[in-house]
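Structure at a glance
So you can see what is in the structure, the chains are spelled out below.
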Amino acid sequence: MKVSRTDELITAISAAAIVVGYTADTPPEGPTAEADAATNGAISKLIEAGEITGKAAEVVSILAPAGLQTTQLVVVGLGPADSLDRGSVTRAIGSAAKHLAAKERSRVAFFVGDWDGPLVEAGVSAAICACQGQDIHRETNKLHPFDEIRWSGAPEGALEAGQVLGESVNLTRRLVNEPANYIFPQTFAEQAGAAAADAGLEVEVWDQAKLEAERCGSLLGVSRGSTREPRLVILRYHGGAADQPPLALVGKGVTFDSGGYSLKPNDSMKTMKCDMGGAATVLGAITAIARLKLPVNVIGLMGLVENMVSGDAFKLGDVLTARSGKTIEVLNTDAEGRLVLADVLDVAAEMKPGGIIDLATLTGACCVALGLDVAGLMTNDEELRGRVSAAAAACGELTWELPMFDHFGEQIRSDVADIKNIGEGRWGGAMTAAKFLEEFVGDTPWTHIDIAGPAFLDSAKSWIDAGGSGAMVRTLVEVARDW
Ligand code: BES
Ligand code: MN
Ligand code: ZN
């Protein structure tokens, strides 16, 4: 999609649709007032009649508006003025764009007022994401990306940054939405390598033989049951000073999670193509960071396996030796994400980064604790966790911290190995999983983001289709912005 600035008046621009904003409880102003004047007060009439209230993300279409060179004027609610932020802009602009994307449209113009760079960036990225659906294998799509977006009153650089963000979030979403017969470790690695090379990143891929040579016994244990070979993809971006410790981003990339011998029931298994969401998030974020040329050093590590059953699959009671040397008793083959991450975190920690952030669709327990829209944060370093929380809040992404009390760690002690891969009973599962991961980061500042809820939407929202959401890509870019 082409994105460019327009300096034309709202009455002069010719477009398939024009979008204006309306802030609750205020008279129309700026371009909205101009559109109102041009249409003989159509907007004010609708406000008076209560059809337009300015409620956040409300979308009202005025068809064939007089006085404008368009067939459709969309008035989108921006909520109350004091609640306008990147989150509300994402929902509002996304809702307007998704409404328009129901049909093919050539040019859509946004005249939403004088916003600062971060708000315009959020608006542009939301529009790009809203037009892209999960219908990638349908002959006729339900959503149609516009040919072109024109944006009025954008500060220098904001449109370009918004476009990079939107495209990066869509890259993550597309990989999550691809079914597991299309995306498996090898094809994920190929596509990640291609996207990364386009963004100017250094690409390294560990195949089965290299993973064996590196003694990644925990990751390889999970992978055994699959006929698909595992991969570890390592991407490097050098944007900062040579001596600046990098930010390491680590992603869980289970391209399909059947549960293994601890087999999932049908209903829990049917969306498990999404279990590589952490790896896809890391890819989206690091390609965005590189394309934005941020002055930081970043390493992205993606552990890619398929968790399957076969005569050679790992079994309950097996003891795996992780790359770090720790032994792990496997008491549930469905607690596989932590086994994959154990070795990837060990590789990351060895690179002496300034901090590690891992992303993983790790536990159903995190969804029970926080609901489906909130990512769980667990950490060994409150300072780093604070930076992640602040970045997420700035982008309008929802996160909440969960505790890392010592007693959660006591639950993963094993009688036959150094640790075991599940806690005692089902309570506190998000935290016992995080305590397991903590065993492999040494003293590196680390924050774990459990995205089991937000990475994949079971139903559409007004501003984004169902399926892969790209949650936390924006947050990671924000963390990198002041690393
Ligand atoms: N991939 C799942 C977690 C998950 C659940 C992601 C729902 C997205 C939506 C993970 O590998 C898993 O199966 N976790 C188990 C852990 C348990 C066996 C300790 C779970 O949450 O039930
Ligand atoms: Mn599992
Ligand atoms: Zn899993």
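Computed from a prediction, not measured in an experiment: that's the story for all the values here.

Working reference: metal with six octahedral donors, ideal angles 90 or 180 degrees; metal with four tetrahedral donors, ideal angle 109.5 degrees. The coordination sphere of the manganese ion (ligand 2) contains the protein donors D257 (OD), D334 (O), D334 (OD) and E336 (OE), at a distance range of 2.0 to 2.2 Å. In this structure, the manganese ion (ligand 2) is coordinated by 6 donor atoms arranged in irregular fashion, with angles at the metal of 71 to 168°. Site description for the manganese ion (ligand 2): donor spacing in sequence, D-x76-D-x1-E. The distance between the manganese ion (ligand 2) and the zinc ion (ligand 3) is 3.1 Å, with D257 acting as a donor to both metals. Of the two residues, D257 is situated in strand β9 (residues 247-257) and D334 in the loop between β12 (327-329) and α11 (337-350); the sequence distance between them amounts to 77 residues. By relative accessible area, which is 23% here, D334 ends up partly exposed.

It is worth spelling out the nonpolar core at this point. Counting residues in each nonpolar core, the largest one holds 55 residues, and the members touching the most others are F188, M302, I357 and I449. With 9 residues, the top contributor of residues to this core is helix α10 (residues 277-291). In contact with M302, not counting residues within four places along its chain, are F188, R231, L232, V233, L235, G251, A279, V282 and L283.

Turning to the site of ligand 1, a few remarks are in order. In the region of ligand 1, 15 residues are neighbours, and K264, D275, D334, E336 and G364 sit closest. T361 has a polar backbone atom sitting 3.3 Å from a nitrogen atom of ligand 1. Protein coverage of the free-state accessible area of ligand 1, which is 520 Å², stands at 75%. Tallied by class, the residues present in the shell around ligand 1 amount to 4 nonpolar, 4 polar and 7 charged.

A few words on the coordination of the zinc ion (ligand 3). Distances from the zinc ion (ligand 3) to its protein donors, namely K252 (NZ), D257 (OD), D275 (OD) and E336 (OE), fall within the range 2.0 to 2.4 Å. Around the zinc ion (ligand 3) sit 6 donor atoms; with metal-centred angles ranging over 78 to 175°, the donor geometry is octahedral. Counting residues between consecutive donors of the zinc ion (ligand 3) along the chain gives the motif K-x4-D-x17-D-x60-E.

A few words on the pattern of salt bridges. With the rule as written, the count across this model stands at 30 salt bridges. Residues E478 and R86 are paired through a salt bridge, measuring 3.0 Å at the closest nitrogen-oxygen approach. A residue pair is termed long-range when its members are at least 10 positions apart, and E478 in helix α16 (residues 473-481) and R86 in helix α3 (residues 86-100) qualify at 392 residues. A salt bridge links E167 to R291; the nearest nitrogen and oxygen atoms lie 2.8 Å apart. Residue E167 is located in helix α5 (residues 158-177), and its partner R291 is located in helix α10; the two are separated by 124 residues in the primary sequence. With a relative accessible area of 29%, E167 lands in the partly exposed category. Members of the salt-bridge network, linked through shared partners, are K210, E214, R323, D346 and E350.

Here we come to the domain arrangement of the protein chain. As assigned here, the protein chain comprises domain 1 (2-156) and domain 2 (167-481). Domain 1 puts 19 residues into the contact, and the matching count from domain 2 is 23 residues. Where domain 1 abuts domain 2, roughly 1700 Å² becomes buried across the two surfaces, and 49% of that area is made up of carbon and sulfur atoms. Interface area lost by domain 1 to domain 2 is led by R86, C129 and Q134, which between them contribute 32%. Counting across the interface, domain 1 meets domain 2 through 2 salt bridges.

Turning our eyes to something else, we now look at the packing of α5 against α10. As a packed pair, α5 and α10 sit with axes 8 Å apart at the nearest point and diverge in direction by 155°. In terms of axis orientation, α5 runs roughly antiparallel to α10. Here α5 runs over α10; the crossing is right-handed. Within the contact between the two elements, α5 uses V164, E167, S168, L171, T172, L175 and V176 and α10 uses G277, A280, T281, L283, G284, T287, A288 and R291.

Rules used throughout
- Within each chain, residues carry numbers counting from 1 in the order of the written sequence.
- Lettering for chains starts from A, numbering for ligands starts from 1, and both go in the order in which the items are written.
- It should be noted that, the model being predicted, local features are given only for residues of pLDDT at least 70 and side-chain atom pairs only at 80 or more, the latter also being counted only at that level, while totals for whole chains, interfaces and linings use all residues.
- Excluding hydrogens and water, the side-chain values take into account all heavy atoms of the structure.
- Metal donors were taken as nitrogen, oxygen and sulfur atoms no farther than 2.8 Å from the ion, or 3.2 Å where the ion is Na, K or Ca. Water is excluded, so coordination may look unfinished.
- Under this scheme a four-donor centre is tetrahedral when all angles range from 85 to 135 degrees, a four-donor centre is square planar and a six-donor centre octahedral when opposite donors are above 155 degrees with the rest from 65 to 115, and any other centre is irregular.
- Working definition: helices are DSSP H or I runs of at least four residues, strands are E runs of at least two. Numbering for both runs from the N terminus.
- Buried, partly exposed and exposed residues are distinguished by accessible area as a fraction of the type maximum, computed with a 1.4 Å probe on protein chains only: under 20%, between the cut-offs, and over 50%, respectively.
- For our purposes a nonpolar core is just a set of buried Ala, Val, Leu, Ile, Met, Phe, Trp, Tyr and Cys residues, chained together by side-chain atoms within 4.5 Å.
- Contacts are assigned to residue pairs with any non-hydrogen atoms lying within 4.5 Å of each other.
- By convention in these notes, a residue is near a molecule or strand provided one of its non-hydrogen atoms lies within 4 Å of it.
- Here a polar contact is taken to be a pair of N or O atoms separated by no more than 3.5 Å, where protein atoms must pair a possible hydrogen donor with a possible acceptor and residues adjacent in sequence count only if both atoms sit in side chains.
- Per-residue and other accessible areas were derived by the Shrake-Rupley procedure at a 1.4 Å probe size, with only the shown protein chains allowed to occlude residues.
- As a working rule, the residues Ala, Val, Leu, Ile, Met, Phe, Trp, Tyr, Cys and Pro are called nonpolar, Asp, Glu, Lys and Arg charged, and the rest polar, with Gly in that last group.
- A side-chain nitrogen of Lys or Arg and a carboxyl oxygen of Asp or Glu constitute a salt bridge if their distance falls within 4 Å.
- Throughout the structure description, domain borders are defined by an automatic or database domain assignment.
- Buried area adds together the accessible area that both of two parts lose upon being put together, with accessible area traced by a 1.4 Å probe.
- Whenever a helix is involved, its axis is fitted only over the stretch in contact; in every case the axis is a line through C-alpha atoms, and angles between N-to-C directions fall within 0 to 180 degrees.
- To sort the angles, those under 35 degrees are grouped as roughly parallel, those over 145 as roughly antiparallel, those from 65 to 115 as roughly perpendicular, and the leftovers as oblique.
- Two helices crossing with the near one rotated counterclockwise from the far one by less than a right angle form a left-handed crossing, whereas a clockwise rotation gives a right-handed crossing.

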